[in-house]
Amino acid sequence: MTPFRAMRRGYEARFEPVERVVLARVARDVADMLREEAGLDLFPDDGVPGLSTHPGPGKGQAWANGLLAPDELTDADLARLTGVTGVGRIPTDPAARRLLPDASKDDADVADEFRRLTQNDVAQAKVDRLEAFAALLDLPTGEDAPSPLGRHGAPPPVRVPREDAEQFAGALTDVRLVIAERLGLKSDEQVMQLTDEIMWDRQAGREIPVATDGRAARRFWSGVFVAAGYAQETLMDVMLSELRGRRPPGAPTGSG
């Protein structure tokens, strides 16, 4: 993987084909987890409140024509009617909790209300950007698809349009948070130690093993975590560099 650079049509970096495939797969897996953990499966694919699925009176009728008594409402019915669930679904997967944390650690009522009102929108936004991220990384397929190796044998660049760069970086953040939870990384010191180990192995020419057993799996996912971090860091660096370059002369720099 090469660092991102600012180009005329956006930000570009070269990922190895396997890096593109793995990161795209992980992003889609994270998106699927969020759908399930946040309860997004209560909504139809188009996100528009639809027909009631209640087995009693009103089945198959639009809400306007088949209203149910309050004690008949299920969470799914309420979600279709109002756009929010009756009770905010608290994620049970610790990785999902990292992506959808409590709004307040001190007030459970505030946390529950905030989750009830906002979780669907937050989770759906994350799912959308993860899927867009994965689609951007997908290698072309089909008989007419170009070779996975570009000119001079180098892989073709991953090109991130400037208008999509923040969402791309946000998807990398979500991917890294989930992998960090799976690896048990709880502190910046642990992240730095792991990064140093992976980078040292690469400089020494030691390949990251395929995930075939527990130990190899941890080394494999550690490599994915570090690769995602490198992509995110270099993308943010080039975005900030461009932002500084566009600052009018004499404008405050934020320091001092």
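Residues numbered from 1 in each chain as written. Predicted model: local features only at pLDDT ≥ 70, side-chain atom pairs only at ≥ 80, totals over all residues. Heavy atoms only, no water.

(A) Here's a closer look at the overall build of the protein chain. Looking only at helices and strands, the protein chain features 7 helices and 3 strands. For the protein chain, the sequential pattern of α-helices and β-strands runs β-β-α-α-α-α-β-α-α-α. Counting all 256 residues of the protein chain, 36% fall into the buried class. Pairs at least 24 residues apart make up 70% of the contacts formed inside the protein chain by residues separated by at least 6 positions. Carbon together with sulfur atoms contributes 54% to the accessible area of the protein chain, which is approximately 15400 Å² in total. (Helix = DSSP H or I, 4+ residues; strand = E, 2+ residues; numbered from the N terminus. Buried < 20%, exposed > 50% of the residue type's maximum accessible area, 1.4 Å probe, protein only. Contact = heavy atoms within 4.5 Å. Areas by Shrake-Rupley, 256 points an atom, 1.4 Å probe, with all protein chains shown as cover.)

(B) Region of interest: the side chain of D93. Positionally, D93 belongs in the loop between α2 (75-82) and α3 (94-99). Assessed through its relative accessible area of 16%, D93 is described here as buried. One polar contact links the side chain of D93 to the main-chain amide nitrogen of A95, over a distance of 2.8 Å. In contact with D93, not counting residues within four places along its chain, are M33, E37 and R182. (Polar contact = N/O pair within 3.5 Å; in protein donor to acceptor, adjacent residues only side chain to side chain.)

(C) The environment of V178, seen in detail. Looking at the secondary structure, you find V178 in helix α5 (residues 165-183). Residues V178 and V26, 152 residues apart in the sequence, show an inter-C-alpha distance of 9.4 Å. Discounting chain neighbours no more than four positions away, the residues touching V178 are V30, M33, A95 and L99.

(D) Geometry of the nonpolar core. In terms of nonpolar packing, the biggest core is built from 48 residues, with F4 and F168 touching the most fellow members. Elements supplying a minimum of two residues to this core: β2 (10-14), α1 (17-38), α3, α4 (108-137), β3 (157-160), α5, α6 (188-203) and α7 (214-245). (Core = buried A, V, L, I, M, F, W, Y, C linked by side-chain atoms within 4.5 Å.)

(E) Layout of the confidence of the model for the protein chain. Mean pLDDT for the protein chain: 75, with 66% of residues reaching 70 or above. Between residues 46-66, whose pLDDT stays under 50, and residues either more than four places distant or in other chains, the model counts 30 contacts. (pLDDT = per-residue confidence, 0-100.)

(F) View of the packing of aromatic side chains. In the structure shown here, the tally under the stated rule is 4 aromatic pairs. Considering the side-chain rings of F133 and F168, the 4.7 Å spacing of their centres and the 50° angle between planes classify their relative orientation as tilted. Here F133, found in helix α4, pairs with F168, found in helix α5; they are 35 residues apart in sequence, far enough to count as distant. Between F220 and W221, the aromatic rings sit 5.1 Å apart at their centres with planes inclined by 85°, giving edge-to-face as the arrangement. Here the aromatic residues F4, F15, F133 and F168 are joined through ring pairs into a cluster of three or more. When the ring centre of F225 is taken as origin, the NZ or CZ atom of R176, which lies over that ring, is 4.2 Å away. (Phe/Tyr/Trp six-rings, centres within 6.5 Å; stacked < 30°, edge-to-face > 60°. Lys NZ or Arg CZ within 6 Å of the ring centre and 35° of its normal.)

(G) Spotlight on the pattern of salt bridges. Across all of its chains, the model carries 11 salt bridges by this definition. Measuring nitrogen to oxygen at the nearest pair gives 2.9 Å for the salt bridge that ties R98 to E181. You can see R98 sitting in helix α3 and its partner E181 sitting in helix α5, a full 83 residues away along the chain. Judged by its relative accessible area of 26%, R98 is partly exposed. In this structure, R162 engages E242 in a salt bridge whose closest nitrogen and oxygen atoms are separated by 2.8 Å. Placement of the pair is R162 in the loop between β3 and α5 and E242 in helix α7, with a sequence separation of 80 residues. Take E242: its relative accessible area is 18%, and that puts it in the buried class. Salt bridges sharing partners connect three or more residues here, namely D32, R35 and E131. (Salt bridge = Lys/Arg side-chain N within 4 Å of Asp/Glu carboxyl O.)

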